[in-house]
Amino acid sequence: MVGSLWSGTEHLPGIQQILEAFWELANNGVLLRYTVASLFRVTVGFYLAVLLAVPLGLLLGRQALIHQCTNPVIQFLRPISPLAWIPFAMLWFGIGDKPALFIIFIASFFPMLISTVKAAASIHPMYFQVAANLQFSVWESVYYVILPACLPGIVLALRVTLGVSWMVVVAAEMIAVKSGLGYLIIDARNALRLDYVVVAMITIGVIGLLLDYFMTKLEGMEAVRWRLEQK
Amino acid sequence: MSKSKIKIDRVTVEYGNNVKRSWFGLRKTQPSPCEVGGRVVLKDISLEIQHGEFVSILGHSGCGKSTLLKIIAGFSTPSTGKVWIDGEEVVGPRPDHVFVFQEGALFPWLTIGENVAMALRSVKDARERQSKAQEYLALVALEGVENYYPYMLSGGMKQRAEIARALAAQPDILLMDEPFSGLDHLTRLHLREEMLYLHIMLKDTTILFVTHDIDEALQLSNRLIILSEPPAQVKCVRSIKVPHPRNLASEDLSDLRANIYHHLGVHTAI
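Residue numbers run consecutively from 1 along every chain, following the written order of its sequence. Chain letters start at A and ligand numbers start at 1, both assigned in the order the entries are written. The predicted origin of the model limits local features to residues at a pLDDT of at least 70 and limits the giving and counting of side-chain atom pairs to 80 or more, whereas totals for whole chains, interfaces and linings rest on all residues. Calculation of side-chain values draws on the structure's entire complement of heavy atoms; hydrogens and water are dropped beforehand.

Asker: Describe the interface of chain B and chain A, naming the residues involved and giving the relevant values.
Answerer: What makes two residues a contact is simply this: any of their non-hydrogen atoms within 4.5 Å. With 31 residues of chain B at the contact, the number on the chain A side is 32 residues. Taken together, both faces of the contact between chain B and chain A bury some 3,000 Å²; the carbon and sulfur share is 67%. A carboxyl oxygen of Asp or Glu within 4 Å of a side-chain nitrogen of Lys or Arg is what we treat as a salt bridge. Linking chain B to chain A there are one salt bridge. With its nearest N and O atoms 2.8 Å apart, the salt bridge here joins Glu140(A) to Arg121(B). In protein, a polar contact means a hydrogen-donor-capable atom and an acceptor-capable atom, both N or O and within 3.5 Å, with residues adjacent in sequence counting only if both atoms are side-chain atoms; elsewhere, any N or O pair within 3.5 Å suffices. Counting every contact that joins chain B to chain A gives nine residue pairs in polar contact (both at pLDDT 80 or more). In terms of residue count, the dominant contributor to the side of chain B that touches chain A is strand 6 (residues 97-100) of chain B (three residues). As a working rule, the residues Ala, Val, Leu, Ile, Met, Phe, Trp, Tyr, Cys and Pro are called nonpolar, Asp, Glu, Lys and Arg charged, and the rest polar, with Gly in that last group. Taken together, the residues of the side of chain B that touches chain A break down into 19 nonpolar, five polar and seven charged. Here's the idea: put two parts together, see how much 1.4 Å probe accessible area each one loses, and the total over both is what we call buried area. Numbering of helices and strands runs from the N terminus, with a helix taken as a DSSP run of H or I at least four residues long and a strand as a DSSP run of E at least two residues long.

This is the structure in structure tokens:
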């Protein structure tokens, strides 16, 4: 039993094989290169989604009428799995990074948007009465009220969404690209190298853990902490 | 007779009509409990308030005291009737008519100093703004807390800070909506004393003070306005001529207190 755990069976690579595979992939630079490629795609796709979803979410959260008009479209698009966009992603963006970025963008955009809308819509009206009383201009209320009030909600959404996009990058890399941890998995499967598959899975898990750790650091920021301290 | 500072002319509020939608982001004023139920909250309220007066508005909870104050502040509009301040009709919030909320109106994402500085945005120099904010905090006996966030302070200190922010706006009229009702008894007594000191110091500021604490009203005000149960009307107005310091146990004031309890339909001897 212990022996097979070490040396593996037909359906499951053993620890020995995995360690050797890890050594091999780490030494020839493949693991580092692919990890960087995956992180690059997640970062770009995620940032694009955040840059678009946060301002849009603040607008929709504060302008009920526009929100009511657009909400059916958002709620219609949201449940469609990002992977369902693969055919169109390839048709529109061809081969390379772009379709993968598009899939990550789709996966990050909706959770980010919906959390931001919720954060913006649930700001206590009293703060706006204070702002009106002190004659804040539109920009002053955005800068001094709306943005800081939404920041804790946005930071939490960033953390959840980054997890989602890191999950989706693997699927996105199974199409149209020749690098990344997702590509490593699909390529290893084709070569029946299950030990490589496990190495890729472990790497994904460890990096997911690190990303989440860095995001929890964000939650400790001064600009966010007031939210936790309120009952 | 001098021209009155605030003139409230036959103000009536029915629920559903007093929601203001003009200001960016201000979708809806918070409906207070008394506005719920599609009924008349305030009926035909007419009042005149003189420059520099300290007027308390008393009434049962949910009788529309706060609604009246919010109308004067310009946060909501009455269904019928009008409010004039200095001969001008109230059409919206103004920086010289400052509203002090019951609690939690400091921006929790800003420090105490930054909160007060929000009312000093016209001062362009940052250092000057900061020192002015400290002056106003000192006025309400808050020193050395300007770098703290509101959550780090006690309820009483937060309320002091909010009053400091209101004063920093150099108000002509202070509209205070049960400003001490969330605080413990001792803190309220302290703040009551400070409120009186502020009123004496700021002779030119007219103060409207909504409360359901009769002693608080007796000790602070020049005039009491008692509202009836909803639909609220002005039940009676009482002037208090007793000079400060006022002893609540004195004959005049205890008679007045008994009289107010009577008007509010409360039996004191049970």
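Having put the structure on the table, let's press on.
Asker: Tell me about helix 3 (residues 126-139) of chain B, and name the residues and values.
Answerer: Residue and element names in this part refer to chain B. Each helix should span, by expectation, one fewer than its residue count multiplied by 1.5 Å. An ideal rise of 1.5 Å per residue puts 20 Å on 14 residues; helix 3 measures up with 20 Å between its terminal C-alpha atoms. Contact partners of the buried residues in helix 3: helix 2 (112-117) and helix 4 (155-168). Looking one or two residues past helix 3, Ala-141 carries a phi angle of roughly 60°, positive in sign.

Asker: Outline the domain arrangement of chain B, supporting the account with residue identities and numerical values.
Answerer: Residues and elements named next belong to chain B. Domain parsing of chain B yields domain 1 (1-96 + 173-179 + 205-270) and domain 2 (98-170). Every contact between the two is made by 13 residues of domain 1 and, on the other side, 10 residues of domain 2. A per-residue breakdown of the area domain 1 buries against domain 2 is headed by Leu-174, Asp-177 and Pro-179, which together make up 38% of the total. Taken together, the connections running from domain 1 to domain 2 amount to zero salt bridges. Put simply, domain 1 and domain 2 have six residue pairs in polar contact (both at pLDDT 80 or more) between them. Of all the secondary-structure elements, those providing two or more residues to the side of domain 1 that touches domain 2 are helix 1 (65-73) and strand 7 (173-177). The dominant element in the side of domain 1 that touches domain 2, judged by the number of residues it contributes, is strand 7, at five residues. Residues of the side of domain 1 that touches domain 2, tallied by class, amount to nine nonpolar, no polar and four charged. All the domain ranges listed were derived from an automatic or database domain assignment.

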